[in-house]
Amino acid sequence: DIALRMMDLILYQMEFYKASMKKKTSFVWEIEFFRRSIRDCLSVLAEGTNLDRYMSKLSSVTSVVAFESIVKPSISSQLEAFSNTSNGLAGIVVLVHSCLQSKASKQSALRLLDVAIESFDTSPNVNDAISCIIPTLSLLTHPEKDIRESIIRLHDSFQSLGNNSRKDDTSEIVSHISKNVADKTSFMRSSLLMDGSNALPHLLSQIILASDAPGSVREFLIEKCKECALIGGAGFSISGSRAAAVVLSALEKCGESVISLQKRWDGAGKNLFEKFLSVGNDCESDDIGLSKLRDCVVLMLKGVKVNQAQPGDSGPNIQISIGPSQTGSRMRSYSVGASDDFSVMDSYPDEMTKAILDTFTMKPLPYKLSRSVIDLVLTRQSWIEGVFTKLDTKTRQSIASALLSLRAEQDHDFAGSTLFGLPLTTDELTHLLKHLHPAKSESDQVAVSVITDCVRGRIDSLGKPSDISKLSSKLFDQLVSLSTFDDFSAISGDLGGRDYTRVIILQTLYAIHDNYKAELARSLCEEESQQNSGGSKRSRSSSWSGISDKTVSLQASVLVGLLGGKASSIQPLSSGRGRALSLGLLACLCEQAPSAVVSSLLPALMSLAEVSSTTEGDESEKKSSTAAIGEALHAIVPAYCIHAHSANLSFFTLLKDFVGRIVTKERQCEKTR
């Protein structure tokens, strides 16, 4: 803190320095005092992780006299002392990273780059040049042409490493890269000066393909991107992350033939993603550079290969989708199928699947990373169709379970909407229900509601009737568990949530069985058509999709119990909507297994009549109760009339029992009044 305050005081004082002050007798003493003070402050600040930020601030002093006489000499003399900084930056690397600061001015960057060039020309250092490769390549996309030109001049100095006595592979690679950047005879130099963002992918392609050892150059660039972002090993470097994101994004546009997605993931993406996971919410910085690196790494999980090299802006003839990223800016996402230039990986790596699962199972949840994975990967059609549908069942179930847990246990709505968009099979939806105990857990009640939303969302594409029957049976099991008196007090004070869940399950069951009823009607029409044309009539099963009549009969008894009927172990429903759904579902079951269900229709009507006749309250409640009976009659009577004969019942039985019950109750009420 003392060093920072001292630095601010020095900067304030230096702002008043003018050329005329050089004539003062005290000028020499003053500049020597300020130089010594600045060196002392920089030595202290070097022990922290933000030296590059302070360096940028120091070099932005508006007084030219102060910079030339005080700041520049202080920085130049202090470069050797930067070899042991906490963030791992050494020598001129500190100066280059300072230019990457989001608030670095054009003047500040140009001054620091001039100091870097002079220092390197005076004392070339191979390690400094190696560490500067990724930051300087990223600065070639800087919007200011003068800064791009200074970077090219710095690479012109780096070329001398090829003539250095130290002839190892790394120095040769650095020299090769710099020659391609600074070659005055190449069109690439003018392209970089005109439009660095568009030219950088072409430059990187040229650097790799023009090398005698392209594999080594690829590995070097990817490895240095990782090291640049993780400088110092303790965490992410803000400036280094910005540089790594720019270069990794440009390498992606080089195309699969130059550098494959698999190599980018294995060399840098995997380790960077693991680092984002390990630091968790400690890395939830709003810095745009760190956010772009996160998005760049996460996009690798999408599995989209760039088969044809793309310019920096992806060109006018390439179909891409643009959407908001976690940085708040617009994030490019290639549209597979819109062009042959893009495709999905044939074999999705296990490490990528693990990365996705680790994101959603980590506690506490790394919020921004998880949102990035969902927004840029799991909700994208190319990943859903090209990757998720090809994953093995166990992996698909694991991803779905992780999302369900996030929604139900941690109340993250985005996880639920993502799960809804995944093309889960009926078996996978049934699997999600197997391990839930909504009668004993409020979060499991939420999970059941989410699953039922998914079922209704794909009601027309649930697959084979046998699979649907398993799902229906599992939903009935959950309904019974939620409705049994023994378990009804398991969650104290949660009757509202329990009733809501029961109604949602009934709504879903009704949608399933009603959809099957329509399908059955179409099948019967086809049978009648075949019979009329002379074909043989196929036999019709008395039960639905292999479920026994006994099971359907038990399910019907549960529905009667929900209406307040004979099943004494079932807690009746209190809502009119729930009772109406129960009756509608009962009618569907009657059509699918008439002999097993028709005998339950009368008890259902009787119980509803009982509830209606005892209804107390104002006139609106009585009207609502009467309307419920009307809906019940509309749902039940047709089914009863059609199938009553299968249980030796008749329409007269309905009139005698039901109407008689209504009349008797009305007379009792009149006597009471």
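Basis of the calculations
Residues numbered from 1 in each chain as written. Predicted model: local features only at pLDDT ≥ 70, side-chain atom pairs only at ≥ 80, totals over all residues. Heavy atoms only, no water. Helix = DSSP H or I, 4+ residues; strand = E, 2+ residues; numbered from the N terminus. Buried < 20%, exposed > 50% of the residue type's maximum accessible area, 1.4 Å probe, protein only. Contact = heavy atoms within 4.5 Å. Areas by Shrake-Rupley, 256 points an atom, 1.4 Å probe, with all protein chains shown as cover. Patch = residues over 30% accessible without salt bridge, like charges linked within 9 Å, V, L, I, M, F, W, Y side chains within 5 Å. Salt bridge = Lys/Arg side-chain N within 4 Å of Asp/Glu carboxyl O. Lys, Arg positive; Asp, Glu negative; His and termini not counted. Charge placed at Lys NZ, Arg CZ, Asp CG, Glu CD. Axes fitted to C-alpha atoms, helices over the stretch in contact; angles between N-to-C directions. Parallel < 35°, antiparallel > 145°, perpendicular 65-115°, else oblique. Left-handed = near helix turned anticlockwise from the far one by under 90°. Nonpolar A, V, L, I, M, F, W, Y, C, P; charged D, E, K, R; others polar.

Caption draft 1: Quick peek at the overall build of the protein. Along its length, the protein carries 29 helices and 4 strands. When the 673 residues of the protein are sorted by exposure, 52% land in the buried category. For the protein, long-range pairs separated by at least 24 residues make up 73% of all intrachain contacts whose partners lie at least 6 apart in sequence. If you sum the accessible surface of the protein, you get close to 30300 Å²; carbon and sulfur atoms cover 50% of it.

Caption draft 2: Structural context of a negative patch on the surface. A contiguous patch of negative charge, built from Asp-266, Asp-350, Glu-351 and Asp-392, is present on the exposed surface. Inspection of the secondary structure puts Asp-392 in the loop between α18 (381–386) and α19 (393–410).

Caption draft 3: Quick look at the packing of helix α5 (residues 92–99) against helix α6 (residues 106–122). In contact at an axis separation of 9 Å, α5 and α6 are set at 160° when each is read in the N-to-C sense. Here α5 is positioned roughly antiparallel relative to α6, judged by the angle of their axes. Helix-helix and strand crossings are classified by hand; for α5 and α6 the assignment is left-handed. When α5 is examined against α6, the residues Ile-92, Leu-95, Ser-98 and Cys-99 are found in contact with a partner set consisting of Ala-109, Leu-112, Leu-113, Val-115, Ala-116, Ser-119 and Phe-120. Of the residues assigned to the contact of α5 with α6, the class counts are 9 nonpolar, 2 polar and no charged.

Caption draft 4: Quick peek at the side chain of Arg-111. Among the structural elements, Arg-111 can be located in helix α6. Sequence-distant contacts of Arg-111, that is, excluding residues within four places in its chain, are made with Ser-59, Ser-60, Val-61, Thr-62, Ser-63, Val-64 and Phe-67.

Caption draft 5: Helix α3 (residues 51–58), seen in detail. Most of α3 is tucked away: 6 of the 8 residues are buried. Restricting attention to buried positions, one finds in α3 the residues Leu-51, Asp-52, Tyr-54, Met-55, Ser-56 and Leu-58.

Caption draft 6: Layout of unusual backbone geometry. The peptide bond linking Lys-363 to Pro-364 adopts the cis configuration, its omega dihedral lying at -5°. Tracing the sequence through the fold places Pro-364 in the loop between α16 (350–361) and α17 (367–378). For Asp-411, which is not glycine, the phi dihedral falls at a positive 60°. Of note, Asp-411 is situated in the loop between α19 and α20 (413–421). Look at Asp-411 and you get exposed, because its relative accessible area is 54%.

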